[in-house]
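Notes for the structure review
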Amino acid sequence: MRGSLSPLVATYGTVPYTDIDPTPLAASAYVLMFGMMFGDVGHGLLVLCAAAGLYFGRPRWLGRFRRAWPFAAGAGLASVLFGLLYGEFFGPTGVVPVLWLEPLAHPVPLLLAAVGAGALLLGAAYLLGIVNRWREGGVRVALYSSAGIAGAAVFLGFGLAFAGWYSGLGDLVVAGGLVAAVGLALAFAGFLAEAGGGAGGILQAAMQIVDVVVRLAANLASFARLAAFGLTHTAIGAIVWTGATALWPGHPVGAAAVFVVGNALALTIEGLVVGIQALRLEYYELFSRLFQVEGRPFRPWRLPPTSGEAMSCPSGSDEACTP
């Protein structure tokens, strides 16, 4: 199964030999984000059926995509779980109860949950980044890198300051500000060393510090799309269900057609969009902290045959062939 998941990371880059292979964690994050944006029990079950078709190669033309079955299975299972949390089964049909919240009725809690999930994923990416920087260049690289301890300190400091502001704890705000300031100072020193010092190096390092802060805020805000696309998927389901129920009293055939066609469009178009968005969050928000250098794919060396070399075996002989 691990080999089936490897294209998720290999498409972005080759993991260096010294780094931790993030494939299992990246795959878990991908299906989690997919499910949050595509939460519907009915649609998730259909995705699971598609995963079964990929695994067994039925229909036959799906055999070429068999390696993708773990992604489809994970995405379908996550969609089912979030569909149960949202109370969605081919839309707000009432077939399953709402275990957590209705997205359209409570968009703000869903938005906060999406940003919170993004903060947890970013924190995990920083932890892996620290380990990778340490393995790549030792303690100094890990300490001064914006994708290592310095960047993690900025992220943690801002998080503590926000938590202190939200809860009204002034001491926590001060502590968070100090942690963030230490992280910025470490990152500035690292950027200055890379720039070679001097007035030009100071200016370059200062601009890179601004970029670190702005990019961190933008990365965290990007996870709001987990809620935005979750709301979009729920809204499409609600529109389809409303249209079908409105037609049902006088035109049951038309209501069934609206229900089937609407859900088919939601499954295909929204599923494609959500899959791309989850991949975008992986690459831009998470992998940018894991990859600082890139490795080379391992290809075993083998001696190529010469042009005049031929193999011949006597017909029906069990002896080894000789050139």
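Predicted model, so just to flag it, every value in this text is computed and none were measured.

Considering the pattern of salt bridges
Counted by the stated rule, this structure contains 3 salt bridges. A salt bridge links Arg-215 to Asp-211; its shortest N-O distance comes to 3.1 Å. Taken together, the residues Arg-215 and Asp-211, both in helix α9 (residues 198-222) and 4 residues apart, mark about one turn of the helix. The class of Arg-215 is partly exposed, set by a relative accessible area of 46%.

Regarding the side chain of Arg-289
Note that Arg-289 resides in helix α11 (residues 252-290). Of the side chains with opposite charge, Glu-285 comes closest to the buried, unpaired Arg-289, at an N-O distance of 6.2 Å. Here Tyr-126 takes part through its side chain, which lies 3.1 Å from a polar atom of the side chain of Arg-289. Residues within four places of Arg-289 in sequence aside, it is in contact with Leu-122, Ala-125, Tyr-126, Gly-129, Arg-133, Ala-147, Leu-216 and Asn-219.

Section: unusual backbone geometry
Cis rather than trans, the peptide bond between Arg-58 and Pro-59 has omega equal to 0°. Relative to the helices and strands, Pro-59 is located in the loop between α4 (41-56) and α5 (69-86).

Some remarks on the nonpolar core
Ranked by internal contacts, the top residues of the largest apolar core, which has 42 residues, are Met-33, Met-36, Phe-223, Leu-226, Leu-286 and Phe-287. Looking at this core, the elements that each hand over two or more residues are α2 (7-10), α3 (23-37), α5, α6 (107-144), α7 (149-167), α10 (225-247) and α11. When residues in this core are grouped by element, the largest group, 9 residues, is from α3. Look past the residues within four positions of Phe-287 in its chain and what remains in contact with it is Leu-8, Val-9, Tyr-12, Ala-26 and Glu-282.

Describing the packing of α4 against α5
Close contact between α4 and α5 brings their axes to 7 Å; oriented N to C, the two are set at 165°. Overall, the two elements α4 and α5 adopt an arrangement that is roughly antiparallel. Note that α4 runs across α5; the crossing there is left-handed. Residue-level contacts link Val-41, Gly-44, Leu-45, Val-47, Leu-48, Ala-51, Leu-54 and Tyr-55 of α4 to Trp-69, Ala-72, Ala-73, Ala-75, Gly-76, Leu-77, Ser-79, Val-80, Gly-83 and Leu-84 of α5. Looking at side-chain class alone, the contact of α4 with α5 contains 14 nonpolar, 4 polar and no charged residues.

Examining the packing of aromatic side chains
For the structure shown, the criterion picks out 17 aromatic pairs. A ring pair is formed by Tyr-12 and Tyr-283, whose centres lie 5.2 Å apart and whose planes are at 50°; its orientation type is tilted. Of the two residues, Tyr-12 is situated in the loop between α2 and α3 and Tyr-283 in helix α11; the sequence distance between them amounts to 271 residues. Judged by its relative accessible area of 33%, Tyr-12 falls in the partly exposed class. Judged by relative accessible area, Tyr-283 falls into the buried class, the value being 14%.

As for the environment of Val-260
Residue placement: Val-260 occurs in helix α11. Residue class for Val-260 comes out exposed when judged on its relative accessible area of 53%. It is 9.5 Å that separates the C-alpha atoms of Val-260 and Phe-90, two residues lying 170 residues apart in sequence.

Observations concerning a nonpolar patch on the surface
A cluster of nonpolar side chains, Phe-162, Trp-165, Tyr-166 and Val-173, forms an exposed patch at the surface whose accessible area comes to about 520 Å². The greatest single-element share of the nonpolar patch, amounting to 3 residues, is contributed by α7.

Topic: α3
Here α3 is 15 residues long and its end C-alpha atoms lie 21 Å apart, about the 21 Å a rise of 1.5 Å per residue gives. Burial analysis of α3 places 11 of its 15 residues in the buried class, which makes it a mostly covered element. Residues of α3 that are buried include every one of Thr-23, Ala-26, Ala-27, Ala-29, Tyr-30, Val-31, Met-33, Phe-34, Gly-35, Met-36 and Met-37, and no others.

A closer look at the confidence of the model for the protein
Here the protein shows a mean pLDDT of 88. Residues at 70 or above account for 93%. pLDDT under 50 marks residues 316-320. Its contacts with residues more than four places away, or in other chains, come to 0 contacts.

Quick word on the side chain of Thr-234
Structurally, Thr-234 is set in helix α10. Beyond its immediate stretch of four places on either side in the chain, Thr-234 contacts Glu-88, Pro-103 and Leu-104.

So, α11
Taking 1.5 Å of rise per residue, 39 residues should cover 57 Å, and α11 covers 54 Å from first to last C-alpha, within 8% of that figure. Tyr-283 marks where α11 bends most, by close to 30°.

Some words on the packing of α6 against α11
Two elements in contact, α6 and α11, have axes separated by 7 Å at closest approach and are oriented at 25°. Our classification of the angle between α6 and α11 gives roughly parallel. Here Leu-121, Leu-122, Ala-125, Tyr-126, Leu-128, Gly-129, Asn-132 and Arg-133 of α6 lie close against α11, whose contacting residues are Glu-285, Leu-286, Arg-289 and Leu-290. Its residues placed into classes, the contact of α6 with α11 shows 7 nonpolar, 2 polar and 3 charged.

Definitions and limits used
Residue positions are counted from 1 within each chain, in the order its sequence is given. Totals for whole chains, interfaces and linings use every residue, but because this is a predicted model, local features are given only for residues with pLDDT of at least 70 and side-chain atom pairs only at 80 or more, for both listing and counting. Excluding hydrogens and water, the side-chain values take into account all heavy atoms of the structure. Definition used for salt bridges: Asp or Glu carboxyl oxygen within 4 Å of a side-chain nitrogen of Lys or Arg. Numbering goes from the N terminus for both helices and strands, where a helix is a DSSP run of H or I of at least four residues and a strand is a run of E of at least two. Categorising residues by exposure relies on relative accessible area from a 1.4 Å probe, with only protein chains included: less than 20% of the type maximum marks a residue as buried, more than 50% marks it as exposed, and the intermediate range marks it as partly exposed. The charged-residue count follows a simple rule in which Lys and Arg add positive charge and Asp and Glu add negative charge, with His and chain termini not counted at all. We define a polar contact as two N or O atoms separated by no more than 3.5 Å, with the added condition that, inside protein, one atom must be a possible hydrogen donor and the other a possible acceptor, whereas residues neighbouring each other in sequence contribute only through side-chain atom pairs. Residue contacts are counted whenever heavy atoms from the two residues lie within 4.5 Å of one another. Among buried residues, those of type Ala, Val, Leu, Ile, Met, Phe, Trp, Tyr and Cys that are joined through side-chain atoms within 4.5 Å constitute a nonpolar core. Convention adopted: a line fitted to C-alpha atoms gives each axis, helices being fitted over their contacting stretch, and angles between N-to-C directions are expressed from 0 to 180 degrees. Any angle that is under 35 degrees is reported as roughly parallel, and any over 145 degrees as roughly antiparallel; angles of 65 to 115 degrees are reported as roughly perpendicular and all others as oblique. Crossings are classed by handedness, with left-handed meaning an anticlockwise turn of the near helix from the far one by less than a right angle and right-handed meaning a clockwise turn. Residues are grouped as follows: Ala, Val, Leu, Ile, Met, Phe, Trp, Tyr, Cys and Pro are nonpolar; Asp, Glu, Lys and Arg are charged; every other residue, Gly included, is polar. Between the rings of Phe, Tyr and Trp (Trp by its six-membered ring), a pair exists once the centres lie within 6.5 Å; its type follows the angle of the planes, with under 30 degrees stacked, over 60 edge-to-face, and the other angles tilted. To count toward a patch, a residue needs a relative accessible area above 30% and no salt bridge. Like charges then connect within 9 Å, nonpolar side chains (Val, Leu, Ile, Met, Phe, Trp, Tyr) within 5 Å. The Shrake-Rupley method, run with a 1.4 Å probe, gives the accessible areas here. Residue values count only the displayed protein chains as cover. The span one expects for a helix is its residue count, reduced by one, times 1.5 Å. pLDDT is defined as a per-residue confidence score from the predictor, taking values between 0 and 100. The angle between axes fitted to the seven-residue stretch ending at a residue and the seven-residue stretch beginning at it gives the bend at that residue.

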